[in-house]
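# Coordinates in review
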Amino acid sequence: MLGNCLRTFLGREHAIWANSRNLRNAHTHLPYSEYHPDIYLQVTGELSDLEFPPDRRRLHPVNKQPQLPGSTKPPKYTRRKIDCRGPETVFNKLIYSQYGIQATEGGELEFGHFEMMRVAINKHLDEKRMFALWCVDAPWKPVTRRAQGKRKGGGKANIHHYTTPVKAERIIVELGGYLNWREAYRILSRVADKLPFRARFISQDLLNTESQIEAYIKEKNVNPFYQPGYALAHNYAGCRSFISPYYLDWGTPGNHDSRRAAYDSRSEKNVRLQIFTHRKLI
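Residues numbered from 1 in each chain as written. Predicted model: local features only at pLDDT ≥ 70, side-chain atom pairs only at ≥ 80, totals over all residues. Heavy atoms only, no water.

### Describing the packing of helix 3 (residues 111-123) against helix 4 (residues 181-193)
Direction vectors running N to C along helix 3 and helix 4 enclose 160°, while the axes themselves pass 10 Å from each other. Considered as vectors, helix 3 and helix 4 are oriented roughly antiparallel to each other. Both helix 3 and helix 4 take part in a crossing whose hand is right-handed. Of helix 4, the residues touching helix 3 (which contributes M116, M117, A120 and I121) are I187, L188 and V191. A breakdown of the residues in the contact of helix 3 with helix 4 according to their chemical character gives seven nonpolar, no polar and no charged. (Axes fitted to C-alpha atoms, helices over the stretch in contact; angles between N-to-C directions. Helix = DSSP H or I, 4+ residues; strand = E, 2+ residues; numbered from the N terminus. Parallel < 35°, antiparallel > 145°, perpendicular 65-115°, else oblique. Left-handed = near helix turned anticlockwise from the far one by under 90°. Contact = heavy atoms within 4.5 Å. Nonpolar A, V, L, I, M, F, W, Y, C, P; charged D, E, K, R; others polar.)

### As for the sheet that holds strand 5 (residues 159-166)
Read across the open sheet, the three strands follow the order 2-5-4; overall the sheet is antiparallel. In the strand order of this sheet, the two ends are held by strand 2 (107-109) and strand 4 (141-144), each with one partner. Neighbouring strand axes in the sheet, compared pairwise and without regard to direction, differ in orientation by 55° on average. Of the strand pairs in this sheet, strand 4 and strand 5 are connected by four bridges, and their pairing is antiparallel. Each residue of the ladder has a partner; that of P142, found in strand 5, is Y162. Its contacts with the sheet put helix 3 on strand 2 and strand 5, and the angle it makes with strand 2 is roughly 70°. (Pairing = 2+ DSSP bridges.)

### A word on the environment of A138
Within the secondary structure layout, A138 lies in the loop between strand 3 (130-134) and strand 4. The residues contacting A138, other than those within four sequence positions of it, are V62, N63, F114 and T164.

### Section: the sheet that holds strand 7 (residues 199-203)
One open sheet accounts for four strands, arranged 3-6-1-7; its pairing is antiparallel. Taken across any chain shown, the strands that pair with only one partner, and hence form the sheet edges, are strand 3 and strand 7. Put simply, the sheet's adjacent strands are angled 20° from each other on average, direction ignored. Two elements, strand 3 and strand 6 (residues 171-177), share five bridges in a ladder whose sense is antiparallel. Bridging from a neighbouring strand, M130 pairs with G177 of strand 6. Packing of helix 5 (residues 204-220) onto the sheet brings it into contact with strand 1 (99-103) and strand 7, and relative to strand 7 it is tilted by some 95°.

Dropping the structure here:
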């Protein structure tokens, strides 16, 4: 109905960036931008075409610790830094194909980080035309810590807090609805800068462009050593003697923990191998 009215008034198949004066004369109501009230959003058909989450549109508070039965003793884990290393191969795509925050390196999220993201995003969220949802689990990994000045020994320390491990390329939060790129960038970019690890604001168009560039480079590249993991699989220049075995699973040294490589006494060889295996000759 609304789409037909716009097509009749503007004489186009789709109405894109319609002016507020024209819409006022047409007696139609469209969702508008809070930062740019004179510019309306893109409309490609009926407003019901956009998919919204079924439960709620705001970010809900997460539990500070996992809920266990009353008679269950909370388990204690080791550090398990492997949970933060390597690329994310499952939850690295946007569910609603609009906007979100993506981690570019591994790290851990605490309860305070969840609260920071929830308050910052819900403050600028208009429930009538926007929605946001979590893409990571609530804190579940226990972290133990001893009191300051306490002697060593006596077994493993008590649980101090819980965290959520995040790998590189993991989607943390999604934002969608009737909003433009600039409005989503202003909301999510500030949140991404405050996280304890490097993260970035992404959109579905950005992910599609990056995949197209990678496909083009893979097709046009004439370097025989560009294929990820090729030099490692064939042990060129004896690289397996100074390369972590996780490289064989992940296929590229780019996903290795940068902090470990910085303290590695043979980090110069790692840099040489990265240049040798990632040089692109087109």
